[in-house]
Amino acid sequence: MPFGFNCHAPTDQSPNLPSESQGSARADDVDQTVRALEPVEDDGAPAGEAKVRFAADALGFQSKLSSTSDSMVPRGTKLLALFDNECRARNGRASESSSGSSAALKFEAEEFSPKDNQTLASMTAEAEADPCLVRLDENRRLQLVDPNFDPSAATAGPGFSSLAVTNDARASEARHVIFSKALLAWDWFYSGVGLNSDVVVAIIDSGVLHTHPDLAQNMWMDTDGSRGYDFVNRDTNPTDDNGHGTHCAGIVGARADNGVGVLGIAGNRVKIMGVKVLDNTGSGTEAQIVNGIRFATDRGAHVINLSLGGQFQSPALRDAMIYATTRGVVVIVAAGNDNVLIDDADLFYAPSGYSKEIPGALSVGSVDAGSGARSVFSNYGTNYVWIAAPGSGGILSTYAGNGYTSLQGTSMAAPVVAGAAALLVGSFRSKSITYTPEQIVSLLTESARPVTALNTFFRSGATLDIERAAKLFYSRYVLSGDGGTEGL
Ligand SMILES: [Ca+2]
Ligand SMILES: [Ca+2]
């Protein structure tokens, strides 16, 4: 296992999660209702939870700590403290990000280790006594959903002449664009709906090579001119030293019709926000990822893509997802590449596993852009994985060194859906119709293309079909002219 603390499988004994997340909701195979964690505190956590919330699933931590008040916190334990920065400002206390950087966050996760010989009781007392500390949690590492170079891309023949619609030199190799019917959808979105509003999509990953010639024109810009933020190195240059984030960014928003390279799913009314939370090996801490999600939310992202994960419970990550979705941000997450049923409690996979309980979050499995079958690596589960999208069979996108490469993984499938979400968000915005992230998710899953062979793997039993999503939007919100009052 690649995760620092992940030597024990998750258990169902966590006292920290509402029973909804693992109990009644999990057992329910037919009810399509999404259950909100309500009420929610301003920091995104369900109300009434204790400040100190160590999940039960890592290193036997809980069993060591929970029984007696004088339990020692194990040496070397990595911890995450979530602070309310407005509180700290009122009390004249500095935060990491307020020291000259532009990442000032309303809530900020800081990493630390306990003092030697510190007991759980004393640490809990300190936490409770600090009015600006809202949560104290473990700080584990998550990794990008490990992609592999795609061998099928090298042998893929020509074809797909329908893609002559744009002049991007390598468009025919971007098979996810064809499979998901993105170009057919553009006629509906751009001409039919009249999409004319930029949509900000945050790629929370290993960074984005924002100077890439096929990305530069579609990058978001912060008020200080930066293209996002780097929570690994704590600077305002979120460039990519791995390549994974740049690949995901191109799937959403590579510049279309500029004569070079590939094209993104969302077309050219998209702005990519680069948020670096994974290092050059593709690994990042919960604190970095939590800060990345909160940064993107505070900075106005409309859609967040998370092609990363870890096989453990992460209340801090869950809270950050709630923080985002309750502020109107659609959160798209990759289901993971372990070819396992993640409905199984022992195989709980974060953040994918939280998408079921959080309205406006959507977990994405992978299908092959050639055969349409489930990709052999894709995690599955009809409770947790609600849609599939092409993540193998020729997913060519932007990469390090101003280049292009073909990767495969649910890491690639998620940004295909994020791009589709961006088109829907842009459509609502262009029509001045208010929307919720839950509506975006509903439009995507309701319109997905049914595939019988996928019924046992994914909740919708269907793959993303952006043309159908466009038609559903058009019929529901343009033809009906009801201003979005129809319930979903
Ligand atoms: Ca940097
Ligand atoms: Ca291009």
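Residues numbered from 1 in each chain as written. Chains lettered and ligands numbered in written order. Predicted model: local features only at pLDDT ≥ 70, side-chain atom pairs only at ≥ 80, totals over all residues.

> Give me the lowdown on the environment of R140, citing residues and values where you can.
When you line up the elements, R140 lands in the loop between β3 (133–138) and β4 (141–144). The spatial distance from the C-alpha of R140 to the C-alpha of L79 is 8.1 Å, given a sequence separation of 61 residues. (Helix = DSSP H or I, 4+ residues; strand = E, 2+ residues; numbered from the N terminus.)

> Go over the nonpolar core with me, naming the residues and quoting the values.
Grouped together as the largest cluster of nonpolar side chains are 133 residues, with contacts concentrated most on V201, I332 and V417. Looking at which element gives the most residues to this core, the answer is helix α12 (residues 410–430), with 13 residues. In this structure, this core is formed jointly by two domains, domain 1 (19–140) and domain 2 (148–479), each of which donates at least three residues. I332 has contacts with V303, I304, N305, L306, L362, V364, A414, V417, A418 and A421, leaving out every residue within four places of it along the chain. (Core = buried A, V, L, I, M, F, W, Y, C linked by C-beta atoms within 7 Å. Buried ≥ 20, exposed ≤ 12 C-beta atoms within 10 Å, placed from the backbone. Domains from an automatic or database assignment. Contact = placed C-beta atoms within 7 Å.)

> Would you mind going over the pairing of strand β8 (residues 270–276) in detail, with residue names and values included?
Taking burial as the measure, the seven residues of β8 include seven buried ones, the bulk of the element. Every second residue of β8 is oriented toward a common face, with V270, I272, G274 and K276 on one face and K271, M273 and V275 on the other, all of them buried. Relative to β8, strand β6 (residues 199–205) is paired through seven bridges, and the arrangement is parallel. Note that in β8 the partner of V199 across the bridge is V270. Note that strand β7 (residues 228–230) and β8 share three bridges and pair parallel. Considered in β8, the bridge of D230 is made with K276. (Pairing = 2+ DSSP bridges.)

> Explain the sheet that holds strand β2 (residues 107–112) to me, using residue names and the numbers behind them.
The antiparallel open sheet is built from three strands, whose spatial order is β2-β1-β3. Both outer strands of the open sheet, β2 and β3, are each paired with one neighbouring strand and no more. On average, each strand axis in the sheet is inclined to that of its neighbour by 20°, with strand direction left out of account. Pairing between strand β1 (residues 79–84) and β2: six bridges, direction antiparallel. Bridge assignment links L82 to a residue of β2, and that residue is A109. Running at roughly 170° to β2, helix α10 (residues 286–298) makes contact with β1 and β2 of the sheet. (Axes fitted to C-alpha atoms, helices over the stretch in contact; angles between N-to-C directions.)

> Kindly report on unusual backbone geometry, identifying the contributing residues and their values.
With omega at 5°, the peptide bond leading from A350 into P351 counts as cis. With respect to the secondary-structure elements, P351 resides in the loop between β12 (330–334) and β13 (361–368). Located in the positive-phi region is R234, a residue other than glycine, with phi close to 60°. At N402, a residue that is not glycine, the phi angle is positive and equals roughly 55°. With respect to the helices, strands and loops of the structure, N402 is situated in the loop between β15 (396–399) and β16 (403–408). Given 15 C-beta atoms within 10 Å, N402 falls into the partly exposed group.

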